[in-house]
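A look at the structure
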Amino acid sequence: MSAKTTRKRKTATRTLTRSTKSTRKTSIRKGPQRTSSARTRSTRTTRRTTSHSETPPAGDLAAEKRRMRTFLSRLTRAYPKARCSLDYETPLQLVIATILSAQCTDARVNMVTPHLFRRYPTARDLAAAEFPELEEIIRSTGFFRNKAKSIVACAQELLERHDGQVPQDLDSLVKLSGIGRKTANVVLGNAFGIPGVVVDTHVGRISRLLCLTAHKDPNKIELDLMQVVPRSKWTQLAHLFIEHGRRVCIARRPRCSECVLNDMCPSSEV
Ligand code: SF4
């Protein structure tokens, strides 16, 4: 990253952080604070206009939404097949695959799950699993002891509270062992078609590079993105950003010259 780009982003981030601390004391469940985030975005926008002709005027949330729509449209053209890269056939399988995907590649998880799902086809089977056998099956995904505990506990809770079925609401999902907001939104969006913004490392990093957020906390990033992304695109947003993060906007060595967003990106090095 050039010194000029670094200075520009550091200044924007400092301004954002100060503005955020003073204007926004929010949690993910407190909707009304969204207006203060809009003020934060205004500050950000003012910074960007100094060097990017396509960025919107200060305070214009509608312009921010238009800017986001352009990002989505360009990324959709670039990655028309972007989708959830975990293999699954049922909501339960997606829950288990997502738990296994922590600190592990989706490709590795997809190598493990066919055997796992054949051996334990239902929540009842998983709830009764013997740890040594389950751990051996999922060993290659890393952190296999903790993941085995989460999977068995989650399956037991599904049996006790939901008759062995995966619930279709965020509040119930996040109360299950091994499931945080990210996993819950993955399941809601992909297994049930209920829009949810998934914030993983790619989504968080690219959102900051594009100055869509100044936060590192995934819950706050989720809230920022929800304001500018149409609800119907919440689920697809993560697929597009993840694909972009894997192929072009790679951590520590982004290929800005090949990026379809480079003329609108405040962090572009070209
Ligand atoms: S221009 Fe560079 S930093 Fe910005 S999104 Fe594209 S690859 Fe990432």
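Keep in mind the model is a prediction, meaning the values are calculated, not measured.

Definitions and cut-offs
Residues numbered from 1 in each chain as written. Predicted model: local features only at pLDDT ≥ 70, side-chain atom pairs only at ≥ 80, totals over all residues. Helix = DSSP H or I, 4+ residues; strand = E, 2+ residues; numbered from the N terminus. Buried ≥ 20, exposed ≤ 12 C-beta atoms within 10 Å, placed from the backbone. Contact = placed C-beta atoms within 7 Å. Near = placed C-beta within 6 Å. Nonpolar A, V, L, I, M, F, W, Y, C, P; charged D, E, K, R; others polar. Core = buried A, V, L, I, M, F, W, Y, C linked by C-beta atoms within 7 Å. Domains from an automatic or database assignment. Expected span 1.5 Å × (residues − 1). Axes fitted to C-alpha atoms, helices over the stretch in contact; angles between N-to-C directions. Left-handed = near helix turned anticlockwise from the far one by under 90°. Parallel < 35°, antiparallel > 145°, perpendicular 65-115°, else oblique. pLDDT = per-residue confidence, 0-100.

A tally of helices and strands in the protein chain yields 13 helices and 0 strands. Scanning the protein chain from its N terminus toward the C terminus, one meets helices and strands in the order α-α-α-α-α-α-α-α-α-α-α-α-α. Residues counted as buried form 39% of the 270 residues belonging to the protein chain. Of the contacts made within the protein chain by residues no fewer than 6 positions apart, 58% connect residues no fewer than 24 positions apart.

Right, let's get into the environment of glutamine 156. Its location among the elements puts glutamine 156 in helix 8 (residues 144-162). Of the residues examined, glutamine 156 has 17 C-beta atoms within 10 Å and is grouped as partly exposed.

Here we come to the site of the ligand. Lining the immediate environment of the ligand, one finds 14 residues, of which Cys249, Cys256, Cys259, Cys265 and Ser268 sit closest. A breakdown of the residues in the shell around the ligand according to their chemical character gives 10 nonpolar, 3 polar and 1 charged.

With that settled, the discussion passes to the nonpolar core. Within the largest apolar cluster, 59 residues are counted, with the highest numbers of intra-cluster contacts made by Val95, Ile96, Ile151, Val187, Val197 and Leu237. Mapping this core onto the domain boundaries places at least three of its residues in each of domain 1 (3-81 + 228-258) and domain 2 (91-191). Setting aside residues up to four positions removed in sequence, valine 187 forms contacts with Pro91, Leu94, Val95, Thr98, Val166 and Leu173.

This part is about helix 13 (residues 234-247). Spanning 14 residues, helix 13 covers 21 Å between terminal C-alpha atoms, matching the ideal 20 Å at 1.5 Å per step. Where burial is concerned, most of helix 13 is hidden: 10 out of the 14 residues are buried. Among the residues of helix 13, Trp234, Thr235, Leu237, Ala238, His239, Leu240, Phe241, Ile242, His244 and Gly245 are the ones counted as buried. Elements in contact with the buried residues of helix 13: helix 3 (61-78), helix 10 (181-191), helix 11 (201-209) and helix 12 (218-228).

It is at 10 Å that the axes of helix 3 and helix 13 come closest, and there the two elements cross at 65°. Read as a crossing pair, helix 3 and helix 13 show a hand that is left-handed. Here Leu72, Leu75 and Thr76 of helix 3 come into contact with helix 13, specifically with Leu237, Leu240 and His244. Classifying every residue of the contact of helix 3 with helix 13 by side-chain character gives 4 nonpolar, 2 polar and no charged.

Here we take up the packing of helix 7 (residues 131-138) against helix 8. Interhelical geometry of helix 7 versus helix 8 gives an angle of 120° and a closest axis separation of 9 Å. Classified by the angle between their axes, helix 7 and helix 8 sit oblique to one another. For the pair helix 7 and helix 8, the crossing hand works out as right-handed. Seen from helix 7, the contacting residues are Phe131, Leu134, Glu135 and Ile138; seen from helix 8, they are Phe144, Arg145, Lys147, Ala148 and Ile151. Across the contact of helix 7 with helix 8, the residue classes break down as 6 nonpolar, no polar and 3 charged.

Now for the environment of leucine 173. Structurally, the position occupied by leucine 173 is in helix 9 (residues 170-174). Separated by 10 residues in the primary sequence, leucine 173 and threonine 183 place their C-alpha atoms 8.6 Å from one another. Here leucine 173 is in contact with Pro167, Ile179, Ala184 and Val187, once residues within four sequence places are set aside.

Next up on the list: unusual backbone geometry. Although it is not a glycine, phenylalanine 143 sits at a positive phi angle of roughly 45°. Structurally, the position occupied by phenylalanine 143 is in the loop between helix 7 and helix 8.

With that out of the way, let us pick up the environment of threonine 98. Within the element layout of this structure, threonine 98 appears in helix 4 (residues 91-100). Residues threonine 98 and threonine 183, 85 residues apart in the sequence, show an inter-C-alpha distance of 6.2 Å. If near-sequence neighbours (up to four positions away) are discounted, threonine 98 is found in contact with Leu86, Thr183, Val186 and Val187.

A separate point is the confidence of the model for the protein chain. Looking at the protein chain, pLDDT values average 84 and 78% of them are 70 or higher. Counting contacts from residues 10-58, a segment whose pLDDT is below 50, to residues more than four positions away or on other chains yields 60 contacts.

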